[in-house]
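The primary structure of each chain is shown beneath.
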Amino acid sequence: MKVTAKVPATTANIGPGFDCFGMALPIYNEITIEETVMPGTGIEISVISNNQDELDIMSIPTDKNNIVYKAVELLYNSIGQTPSELKITIKSDIPIAKGLGSSASVIVGGLLAANELLGRPADEAALLSIATEVEGHPDNVTPAIVGGVVISSQEEDGRVVYRKLDWPEEWKIMVCVPDYELATDIARSVIPKEIPLKDAAFNLRRSAMFVHAVSTKDEKLMKLALTDKLHQPYRMNLVPGLSEIIENLKHEEDVLGCVLSGAGPAVLVITTGNSQDRIKEIVKNTWYNLNVKSDVNILKVEEKGAFILN
Ligand code: HSE
């Protein structure tokens, strides 16, 4: 038997919601899991892609260190089994190491496909907990599973609590991806273990503003909300161009905010109105002046989470 799951990309943090806010985006990976009939064939993992850098593909482990395998193993273990003969194929279209949730998507895809193969022993709550355990934080895996714009939290007992927000249709999401990469573990390592109280209070205020602004389509409040003092200041040096892009867009009336996508280096520009073409030019030129090529796309929120294709 063979099952394929299709999983959206995600962007996390969205300014003040470090490790909490996330949004699904319409770019997808597909993960296929096949039970091989021949006993003793073990675990076979392959990665295919039409658009990724070959070196990126080659850097993905294809042994038991692969995160898809780790997630699948946890699922099997949760029902007292061990995966033995499995063929895992990852069709990777979500850019790797750009801050667009490529790792969350393959974890979720592996879990969903394996769950289907096993006759669905895990419900959504169990899948969320296992995916968060492998990923380390819930803000990418939750929207990858449930779609939409989500606030999520992993509680001490491992449960993931989430709620969806209704994103205003007229707020466009510009996903700006530079040609360089940034590994999430490096981007996390530069954040200090302890944060000044005034910065924590700043983000508390901004997160509350964010939720209210999204729920009431309050653009003025959103312009205040899309700021951060917990992670972006520490990551600035790892993301050439981010501070310049923020500076160059500061007087654009239609820009509600400009934030790091997840751990970066992709940048999200949230806009309203119709000046996306000009904003795109500003972003691309800012990076170009720093010798960085980039792709800028206007995307809608993907309201649908991961699903089984066949
Ligand atoms: N919240 C995470 C971070 C998202 O900023 O490190 C990246 O996986």
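Peer 1: Let's hear about the overall build of the chain: which residues, and what values?
Peer 2: Along the backbone of the chain there are 11 helices and 11 strands. Oriented by its inertia axes, the alpha-carbon framework of the chain measures out at about 65 × 40 × 35 Å. For the chain, restricting intrachain contacts to residue pairs at least 6 apart in sequence, the fraction spanning at least 24 positions comes to 74%. Accessible surface for the chain amounts to roughly 14300 Å². Of this, 51% is attributable to carbon and sulfur atoms. For the chain, the centre of its 29 positive side-chain charges and the centre of its 42 negative side-chain charges are spaced 4 Å apart.

Peer 1: Before we move on, could you go through the pairing of strand β2 (residues 21-35) and cite the residues and values that matter?
Peer 2: Relative to β2, strand β1 (residues 2-12) runs antiparallel, the two being bridged by 11 bridges. Considered in β2, the bridge of valine 7 is made with asparagine 29. Taken together, the three bridges between β2 and strand β5 (residues 149-154) define a ladder with antiparallel strand orientation. Bridging from a neighbouring strand, glycine 22 pairs with valine 150 of β5. Bridge count between β2 and strand β4 (residues 86-91): six bridges; the pairing is antiparallel. Residue pairing across strands places threonine 32 opposite threonine 89, the latter belonging to β4.

Peer 1: Could you give me a rundown of unusual backbone geometry, with the residues and numbers involved?
Peer 2: The step from glycine 264 to proline 265 runs through a cis peptide bond, and the omega angle for that step is 10°. Note on placement: proline 265 falls in the loop between β8 (255-260) and β9 (267-271). At isoleucine 14, a residue that is not glycine, the phi angle is positive and equals roughly 45°. Counting through the fold element by element, isoleucine 14 comes out in the loop between β1 and β2. With a phi close to 60°, arginine 120 is a non-glycine residue in the positive phi region. Position of arginine 120 among the secondary structure elements: in the loop between α3 (102-117) and α4 (124-135). We classify arginine 120 as exposed; its relative accessible area is 57%.

Peer 1: Requested: an account of the sheet that holds β9, with residues and values cited.
Peer 2: Reading across the sheet, the four strands line up as β8-β9-β7-β10 and stay open at both edges, with antiparallel pairing between neighbours. Looking along the sheet, the strands with just one partner apiece sit at the ends: β8 and β10 (294-299). With direction set aside, neighbouring strand axes in the sheet form an average angle of 20°. Two strands pair when backbone bridges link them, and β8 and β9 are joined in this way by five bridges, in the antiparallel orientation. Across the sheet, residue valine 255 finds its bridge partner in β9, namely threonine 271. Strands in contact with helix α11 (residues 276-288) are β7 (172-178), β8, β9 and β10; relative to β7, the strand with the most contacts, it is inclined by about 20°.

About the criteria used
Residues numbered from 1 in each chain as written. Predicted model: local features only at pLDDT ≥ 70, side-chain atom pairs only at ≥ 80, totals over all residues. Heavy atoms only, no water. Helix = DSSP H or I, 4+ residues; strand = E, 2+ residues; numbered from the N terminus. Contact = heavy atoms within 4.5 Å. Areas by Shrake-Rupley, 256 points an atom, 1.4 Å probe, with all protein chains shown as cover. Lys, Arg positive; Asp, Glu negative; His and termini not counted. Charge placed at Lys NZ, Arg CZ, Asp CG, Glu CD. Pairing = 2+ DSSP bridges. Buried < 20%, exposed > 50% of the residue type's maximum accessible area, 1.4 Å probe, protein only. Axes fitted to C-alpha atoms, helices over the stretch in contact; angles between N-to-C directions.

In short, the description is geometric, and any link to function would need to be established separately.
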